[in-house]
Each structure stands twice: as structure tokens, then as C-alpha cells.
Amino acid sequence: MIKILFLSDIVGKIGRKAVIKELPKLKSRYHPDLVIANAENLAHGIGFTRKTLAEMIEAGVDLFTSGNHAWEKAGADEILNQKDSSVLRPANYPAKKSGVGVKELKISKKKVVVVNLLGKVFIKDRVADPFKMMKKIIREHGKAIYLVDFHAEATSEKTAFANYFDGKIAAVIGTHTHVPTSDERILADGTGYITDAGMIGYYDSVIGADK
């Protein structure tokens, strides 16, 4: 059995402080093989920097996903283009964009493929169809344990995606809205799903920002 711990959108300094405080306890309790965190709001609530990523790596995060705010901070291109970068950007952005959206890992002799995708509904950025992109990724990587961070606005798009790939993907975790949904479940053919994992940030706020 492989254990993967996923941390939803970490928002700003208070979110990073929470991870620094709580992640070691979670790792001690659950002994995850891989810790993934969404980092698109890591630095001052939007984007990420080398310093803020380093803080999270020091706290115990192994791999980062992101979203439409991945390029907000200076230096993002260099971070994403770095060889064996620990930060993914949505795979369905055009190829000319810096970075990659898929990471293949070997854990306990099993192939684990982490995928970051961006939704199209209510998203202004022009990206490829996430459904077609996921089919392409599965064709290229073959049999594996797939975990997808689907960064999207519309709950319907996330739910449709999870059901379309039910049985082909181990888990589809929705991110982006910063509001956790209470619909976590195992779908009919075995895919784990939640519409949105929420955020790690200031609770008495508007999705992490000053109310």
C-alpha cells in the first residue's frame, strides 16, 4: 500500500506557518510515502518563490502542484524550468509555457504519476481540454497509479472529470476555490474523489484574504 498525503492550497505566511507546525506531526502519525502540496498561493497569497518553496520542503513537502497563478512571482519560469523541478504547473497549458505538468515517480516499486490540470469553465486562461490531455497522459505513461490535482472553478467540471476517468485514476483532488467540500468519496469503479480540498490559510478570512 502507498500512502500519499495531499495538502490543499497553502495561502501566504500563515498557511506556511501552519504547515511547518503541523506537517511533522502528520508525517509521524501517518508515515506517508509522498507529500504533495498545492503551492500556487504560497507567497503573499499568490504565486511562489524559491524561499517559500524551500520553507515547505524543509517542513517535509516532496512535490508541489499549482494552478493559474503559478507565474505570478518573478523567477517562476526559472523554478519551473529547473531540471527535476519539484513544482508542477497545469499540464494543459501550451507547451511554450515554462515547466511541466506531469511527474512520474517510483514508490515501493510501483509507478506513481502525479498530474496537474486546469479546468476550462469560468477560467480565462486558454488551455487545452483537460479530458483530452488526461487521455494523452495515460497513453504516454501506461499502467500506473495516477493522482490528479484538478485546479478548477466549476464543481460540475471536476465531478464530470472524476466520473469520466473513474477506475483509471487512483484519486482526483479538486483545488482552487479554497472552500472545502464534504463530498469526499470512492466512486463506483474505485477512484477517490473530492470536489475541493479547501485551503491552508487564515480561517477568519475571505478565501485566505483580508475580509
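Residues numbered from 1 in each chain as written. Predicted model: local features only at pLDDT ≥ 70, side-chain atom pairs only at ≥ 80, totals over all residues. Heavy atoms only, no water.

**Overview of the overall build of the chain**
- Assigned secondary structure in the chain consists of five helices and 11 strands.
- Its C-alpha radius of gyration of 16 Å places the chain within 12% of the 17 Å reference for a compact globule of 211 residues.
- Referenced to the eigenvectors of the C-alpha coordinate spread, the extents of the chain come out at roughly 40 × 40 × 35 Å.
- Here the chain holds 211 residues, and 49% of them are scored as buried.
- Of the contacts formed within the chain by residues at least 6 apart in sequence, a portion of 62% connects residues at least 24 apart.
- Total accessible area on the chain stands at roughly 10800 Å², and carbon and sulfur atoms take up 54% of it. (Helix = DSSP H or I, 4+ residues; strand = E, 2+ residues; numbered from the N terminus. Rg over C-alpha atoms; globule rule 2.2 N^0.38 Å. Buried < 20%, exposed > 50% of the residue type's maximum accessible area, 1.4 Å probe, protein only. Contact = heavy atoms within 4.5 Å. Areas by Shrake-Rupley, 256 points an atom, 1.4 Å probe, with all protein chains shown as cover.)

**Structural notes on the packing of aromatic side chains**
- For the structure shown, the criterion picks out seven aromatic pairs.
- Each ring, one from phenylalanine 131 and one from phenylalanine 161, has its centre 5.5 Å from the other, and the planes form 70 degrees; the classification is edge-to-face. On the criterion of sequence distance, the pair formed by phenylalanine 131 in helix α4 (residues 130-141) and phenylalanine 161 in helix α5 (residues 155-164) is long-range, its members being 30 residues apart. Just as phenylalanine 131 is buried, phenylalanine 161 falls in that class too. (Phe/Tyr/Trp six-rings, centres within 6.5 Å; stacked < 30°, edge-to-face > 60°.)

**A short note on the sheet that holds strand β10 (residues 192-194)**
- With mixed pairing, six strands are arranged side by side in an open sheet as β5-β6-β7-β8-β10-β9. The strands lining the two open edges of the sheet, one partner per strand, are β5 (102-107) and β9 (185-186).
- Relative to strand β6 (residues 110-118), β5 runs antiparallel, the two being bridged by six bridges. Paired with isoleucine 107 across the two strands is lysine 110, which belongs to β6. (Pairing = 2+ DSSP bridges.)

**Re the pattern of salt bridges**
- With the rule as written, the count across this model stands at six salt bridges.
- With a closest N to O distance of 2.8 Å, lysine 136 and glutamate 140 form a salt bridge. Taken together, the positions of lysine 136 and glutamate 140, both in helix α4 and four residues apart, correspond to about one turn of that helix.
- For lysine 136, a relative accessible area of 37% translates into the label partly exposed. (Salt bridge = Lys/Arg side-chain N within 4 Å of Asp/Glu carboxyl O.)

**Details of helix α1 (residues 12-30)**
- Given a rise of 1.5 Å per residue, 19 residues ought to cover 27 Å, and the 25 Å separating the end C-alpha atoms of α1 matches this to within 8%.
- The sharpest bend along α1 measures roughly 35 degrees and falls at glutamate 22, with the proline proline 24 sitting one to four residues further on.
- Of all the residues in α1, the buried ones are Gly12, Gly15, Arg16, Val19 and Leu23.
- Positive phi shows up at histidine 31, right after α1, with a value of about 50 degrees. (Expected span 1.5 Å × (residues − 1). Bend = angle between axes of the 7 residues up to and from the residue.)

**Concerning the environment of alanine 188**
- Mapped onto the fold, alanine 188 is located in the loop between β9 and β10.
- Relative accessible area serves as the criterion here: at 79%, alanine 188 is assigned to the exposed category.
- Each C-alpha atom, one on alanine 188 and one on asparagine 163, is 8.7 Å from the other, the two residues being 25 residues apart in sequence.

**Some thoughts on the nonpolar core**
- Leu7, Val19, Leu23, Phe48, Leu53, Val61 and Phe64 are the most contacted members of the largest nonpolar core, which has 26 residues in total.
- Counting only elements with at least two residues in this core, the list comes to β1 (4-7), α1, β3 (34-38), α2 (50-59) and α3 (76-81).
- With sequence-adjacent residues up to four places away left out, leucine 7 is seen in contact with Val19, Leu23, Val35, Ile36, Ala37, Asn38, Val61 and Ile200.
- Val115, Phe131, Ile169 and Leu187 belong to the second-largest nonpolar core, a separate cluster that totals 19 residues. (Core = buried A, V, L, I, M, F, W, Y, C linked by side-chain atoms within 4.5 Å.)

None of this, on its own, says anything about what the molecule does.
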